[in-house]
Each structure stands twice: as structure tokens, then as C-alpha cells.
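# Survey of secondary and tertiary structure
Here are the chains, one letter per residue:
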Amino acid sequence: MATRSSELGVEVMDLTHLSASDRASRELTGARVGDYAHSALGLSGQTQPNTVLPSIQCLDYLLLVRSPGRRRSMDAAEEWRLLVQEDGDHGALLLPPLDASLYTGDGSVDIKGRPATRRATGNWRACFFILGNECCERLAYYGIAKNLVTYLKTKLHQGNLEAARNVTTWQGTCYLTPLIGAVLADSYWGKYWTIAVFSSIYFIGLVVLTLSASLPALQPPSCLGSVCPEASLLQNGSFFLGLYMIALGTGGIKPCVSSFGADQFDDSDPTERVKQGSFFNWFYFSINIGSFISGTVIVWIQDNSGWGIGFAIPTVFMALAIASFFSASNMYRFQKPGGSPLTRVCQVLVAAFRKWHAEAPHDASLLYEVDGQHSAIEGSRKLEHTSELEFLDKAAVISSADAKSDLSTDPWRLCTVTQVEELKILVRMFPVFATTIIFNAVYAQNSSMFIEQGMVLDKQVGSFKVPPASLSTFDVISVIIWVPVYDRVVIPIARKFTGREKGFSELQRIGIGLVLSIVAMVSAALVEMKRLDIAMSEGLTHEKVAVPMSILWQIPQYFFVGAAEVFTNIGQLEFFYDQAPDAMRSLCAAFALITVSAGSYLSSIILTLVSYLTTRGGDPGWIPDNLNEGHLDRFFWLIVGISILNLLAYIGCVMRYRYKSV
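Note that the structure is a prediction, hence the values are computed from the model and not measured.

### Regarding the environment of Cys256
- When you line up the elements, Cys256 lands in helix α7 (residues 233-262).
- Judged by relative accessible area, Cys256 falls into the buried class, the value being 0%.
- The spacing of Cys256 and Ser586 is 330 residues in sequence and 5.7 Å in space, taken between C-alpha atoms.
- Sequence-distant contacts of Cys256, defined by excluding residues within four places in its chain, comprise Gly181, Ala185, Lys191, Thr194 and Ile195.

And the structure:
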């Protein structure tokens, strides 16, 4: 029972109706006080401040004091005070008001579940540790990935095509497993604990891989002249077990690290929102610092000091990545998981099909939505109704049967507008997702066909012999140069012309990267045409040897791929985070990563088709073991043609895209 005084903004809640045994035997903790306060103020179902009070016994009255004229909806900006009056020797307990300037406005909490403070949590202070974690983890990943094709050919004795296919398939798996981590993070564990679990799997996989490259029993015998013994089932099995444990581990943490880092900035605050956009640039910068060290130092160690130590060093850096991440646990801001996004999507589809014959009202306000500021989905803001995909609106139509029942009991029959709009956002994102797959097929050449091209070029530069895999370092150098240039020079200049906070929209940024990826493949094709001309003029066509053309001619193609990454990959990260529904951000981050997986798989499919179609009739084909007899240039031109068609499709999708509205 509560008595109210609207003039004073004071409400007194009488708790004497509780049974004597209940009041005497049980302590009324701060959480229960919060429940009573919520009930007295009529705020049931809304987010309540995480009030921490000492245990109180024999509570008689609960006095709530609110500033006059306040709205009844409670958010982080609303001041409220809790006054407890009780029997015995204890006096009144007055809690200070929650100040909007002290706490974040996005509902984030600290590691103990309390409202996150702006001063003590999040922001760049926490992101430095996340960036350090990402740098070390990427050093570990690329320490394996960059020279993997060389290991498969020289140690496991695989051919060019088989090695390239295994590399692209593994890379594709690394970017497909993010779906697992994303669903677990958004639904059950949260990003922090998902990163913890999959980091452990990642580390174990690296240990297994290191052992397979170190123990003689787990490696096939060396080649005797041109005769190379095949690896046994145990040798292949141990190597690929470690390799695919790494794929599961890295994929599980990938969608969580970038979105967890972005969560450290309150996107309800304009100042922190700008920092959030900058975070994605420096996040990708950290990735490429790790990649740079791998492509130079680690690759050189693998080629010159042995594969055992070459794989052990990435293992050590993965341990450092885990340590860096956990060392700042008290500084992080956490977003609570909002339940399974896949379940919510299925609920909308089922509810819409059940009301197949229902007619959606022209007035969107007649569709079902909960009252108050917050949506029915924990941790998610309400989304405005859009007129697209009107069939899905039927899931939010209140039928006569719904009106007679409790609307909240069966989400498989009736969904909120926000839940429907979540699915609409995913559908709108799909064309953007699909048209960035080709870009990643181009990127997949960095660790496959570009390296094989480099192996038949002159690797001697002065007194130093350049490992072909190390040349991909110029891709990384390009990124390291372009990220600060883009963040500090391009954005301010573009802002003057576009008036946009970030200079370019995310979709414009992605499109620029698609153009640059086409330029990269044109460069690779021209280099290969020149290489084949030299091979023919020197009479090396039927010799499996490098031609007298410097490997440094590959630098432009790597440089253009790096520039394209800064635009497309970072633009993707921003787009899928910014446009994602609040409770689906890990899942949508996984979508950005799945395009990498799909691109790698597409590259494998194209390689397989090219091999099949060009080797009929006894021809060596475009990509034989002796590339001097082949036409790798035609493969590159094929990718150019596909990329141009894809760019035209992307432009059409962008012109129709509608940004979300909260």
C-alpha cells in the first residue's frame, strides 16, 4: 500500500502488511528494496537502478522522494532518492541521487553489475587493453596464416592447388565460426565470458600445432630429390586438429572483441560516439601491427630457424593477449545479453505466418509495443516502425484473440514493433553483406595466389633473400599508413564537403574500398603478364624455376589491397555495429566476418572450377604446378571482371538502403 503527495513528490509505502514471520526471519536486502520502490512508483517492467543497501530487518515503511514534476518513467538521467524508515536503533538511510553526468546512458554496467560510471569505466582507458589483446592475438593468428601455404607445400608435401585450397578453406572456417561466438555472446554468456572461453580453445590449438611441427613422429620424412613421401593420417590429423581448434577459437572471439571495444563508448553521448568511430580505425590498426610483425619477423624465423619455434612464438603471444584482456576487467563496461536473437527472429516469422490473412493497420501506432522508454528486449532501445516489408508487421497485429489474452505470455503469436524491426534491419543488411563477399575473395589472394606468384619471381634483393609470404607485409604497411591518414586527414577534409560527423557514410567508405580492390587485381594481372613474357623470352616456360623479374614488382598490388581494407573492412565493422539492433551487435559483427569466410570459400570454388575447366583435354590449365606453363594472369582478370559486376550491384543496393531509426 502506498500513499502519495503529488505536490511534494513524496510517496510512502506501508510494509506493515508483511507477515511477522516474513519480516522477522528474512532480511530485506537492497535488491528487495528496489523491488518495493519499483512497485510503489508503478515502474514494473522498466530498468531499475542497481541500488546497493545494507541488509535491513523489520522494515516498516519505504519512503521514496522524487523531484516535483518528474516523469514516471525512470532512466539514467532521472534523479531519485530512497529513504528507509524502520523500527529499532537504525536511523533513516538516504541514498544520493543518480546523476546523469556520472553514469552512462546506454544501460551498461561494471563487472559487479552496478551502473557503469563514466569516470571509472570504459573509454580509451579500457580500450588500450582491448587493443593490446587484439594486437597480440592477430600476431598469433597471422604467425600461422601468412606462411601456412609454405608449410603445407614444404613440410606436408602438398601441391600448389591442394595447398591453396586448404589455406582458403581454413581461412573461410576462421571467419565462419564467429556465428557460434556471436550467438553465445548475445544470448547467454555476454561478450566478456565468450572471449574468455574461446581464447582458451585458441591457446590449446596453438599448443597442438606447435607440437605437430616440433615432434619428428608427427612430420613426414623429407623429400629425396623429387620424391616426397605423403604425410600419414596421424601426421595430417594432429596438424589439422590444432589448425581447426585455432579456427574455432579465433572465430569465437572475433565478433566479440570489436563490439566489446565499441561498447566501452556510450553511443548516447555525442562526444563518446565520435571516439567510438575512431576506435574502429585504431582497432584495425592494432590488427595490422600484429600482422606486420608476423609477416616480417615470424615468417623469417619459420623459414630460417625452423617451424617448431616459428609456431611457438605465436603461442606465447596468444598467452600475452589473454593476460592483457583480463588485466583490465575492473575497467570494462558490460552490456547484458538480451536473449537469443535467432529465437526472436523465428518468433517474428512464426507470428507473421500465423496471421497470414490478417491485415496490417495503416496507423502504425495500432501495432503492438510495450509502454515506457525501454523495449521488451533487455538492453535494447525501441526501434521506430518502417513501412518496408509490411508482411512482417502482421506479427505485431493485435488480433481479437490477442486482445482477450495476456499479450506478454506468447511471443510466438504476438511480437513487439521493435522485435519486428530487428528482423527488417537484418533483411535490409543482407544485400550489403552479399556484395562485399567478392571483396574478400580478392583479399584471399594475399595468402594464396599472390604468394605462389611470388615464389616464381626473383626473391633476391641485394644480399637478402625475401620470403614470398613476407611481401604481404606491404599490405600491412599500407594499412598502417592509411589508418592515421584517414583518421586525421581524410575525415576532416571529407567532413567539410559532406557535413557528416565521420566524413563519409559507412556505405560510401565500403564502396571506395571495392574500387581499390579492383585496382589491386588489375596490378596483379599486369605483373603476371609481364612475368610470363619474360619466362617465354628466356626459354623458361617448361622449367619449374623463378624468372629473372624482381619480386618487388608485387608491392603495388599488396599496397592497393591494404588501402582497400582500410575503407571496406573498417567500413564494414562500423556499418554492422552501428546499424545493428542493440541486442544483436555481436551477431551483426559476425556478419561482417562471415563475408571474409564466404570470400575465402568463393575463392576456393573459383580455383576448383578454373582447374576443372582449363585442364580438360590434357592442357596444363591456368594454374598448374609449374606456373610458367600456366596463365595465372587470366585468373586475375577473371576476378577483375567479377569485381566490376559486383561493384555495380553494390551501388544499386546502397541507393535503396534505409538507415535504422531509434
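Now, onward.
### Quick word on helix α8 (residues 270-304)
- Given a rise of 1.5 Å per residue, 35 residues ought to cover 51 Å, and the 51 Å separating the end C-alpha atoms of α8 matches this to within 8%.
- Residue Gly306 follows α8 closely and has a positive phi angle near 115°.

### A short note on the packing of aromatic side chains
- Using the criterion set out here, one finds 38 aromatic pairs in the structure.
- Relative to Phe260, the ring of Tyr192 has its centre 6.4 Å away and its plane inclined at 50°; by these criteria the two rings are tilted. Here Tyr192, found in helix α6 (residues 178-214), pairs with Phe260, found in helix α7; they are 68 residues apart in sequence, far enough to count as distant.
- Among the residues examined, Phe260 registers a relative accessible area of 2% and is labelled buried.
- Pairing Phe279 with Phe283 gives two aromatic rings, centres 5.6 Å apart and planes at 40°, and the pair type is tilted. Highlighted residues: Phe279 and Phe283, both in helix α8, separated by 4 residues, approximately one helical turn.
- Judged by relative accessible area, Phe279 falls into the buried class, the value being 0%.
- Of the aromatic side chains, those joined through ring pairs into one cluster are Trp124, Phe128, Phe265, Phe279, Phe280, Phe283 and Tyr577.

### Side note on the confidence of the model for the protein chain
- Looking at the protein chain as a whole, its pLDDT mean stands at 79, while 83% of the residues score no less than 70.
- Between residues 1-98, whose pLDDT stays under 50, and residues either more than four places distant or in other chains, the model counts 178 contacts.

### A short note on the packing of helix α12 (residues 417-435) against helix α18 (residues 585-614)
- Taken N-terminus to C-terminus, the directions of α12 and α18 make an angle of 20°; their axes are 11 Å apart at the nearest point. Judged on the interaxial angle alone, α18 and α12 are roughly parallel. Our pair here, α12 against α18, has a crossing hand that is right-handed. For the pair α12 and α18, contact is made by Leu426, Met429 and Phe433 and by Cys588, Phe591, Ile594 and Thr595, respectively.
- Its residues assigned to classes, the contact of α12 with α18 comprises 6 nonpolar, 1 polar and no charged.

### Examining the pattern of salt bridges
- Enumeration over the complete set of coordinates arrives at 15 salt bridges.
- With a shortest N-O distance of 3.9 Å, Arg138 and Glu134 are connected by a salt bridge. Of the two residues, Arg138 and Glu134 are both situated in helix α3 (residues 123-145); the distance of 4 residues between them amounts to about one turn of the helix. As far as burial versus exposure is concerned, Arg138 and Glu134 are alike and both buried.
- Across the pair Arg428 and Glu388 runs a salt bridge whose closest N-O atoms are separated by 3.2 Å. Residue Arg428 is found in helix α12, and its partner Glu388 is found in the loop between α10 (341-354) and α11 (400-404); the two are separated by 40 residues along the sequence.
- Here the residues in one salt-bridge network are Arg118, Asp266, Glu272 and Arg333, joined through shared partners.

### So, unusual backbone geometry
- A positive phi angle is found at Asn123, which is not glycine, with a value near 65°.
- Residue classification places Asn123 among the buried positions, given a relative accessible area of 11%.

So, how was this worked out
Residues numbered from 1 in each chain as written. Predicted model: local features only at pLDDT ≥ 70, side-chain atom pairs only at ≥ 80, totals over all residues. Heavy atoms only, no water. Helix = DSSP H or I, 4+ residues; strand = E, 2+ residues; numbered from the N terminus. Buried < 20%, exposed > 50% of the residue type's maximum accessible area, 1.4 Å probe, protein only. Contact = heavy atoms within 4.5 Å. Expected span 1.5 Å × (residues − 1). Phe/Tyr/Trp six-rings, centres within 6.5 Å; stacked < 30°, edge-to-face > 60°. pLDDT = per-residue confidence, 0-100. Axes fitted to C-alpha atoms, helices over the stretch in contact; angles between N-to-C directions. Parallel < 35°, antiparallel > 145°, perpendicular 65-115°, else oblique. Left-handed = near helix turned anticlockwise from the far one by under 90°. Nonpolar A, V, L, I, M, F, W, Y, C, P; charged D, E, K, R; others polar. Salt bridge = Lys/Arg side-chain N within 4 Å of Asp/Glu carboxyl O.

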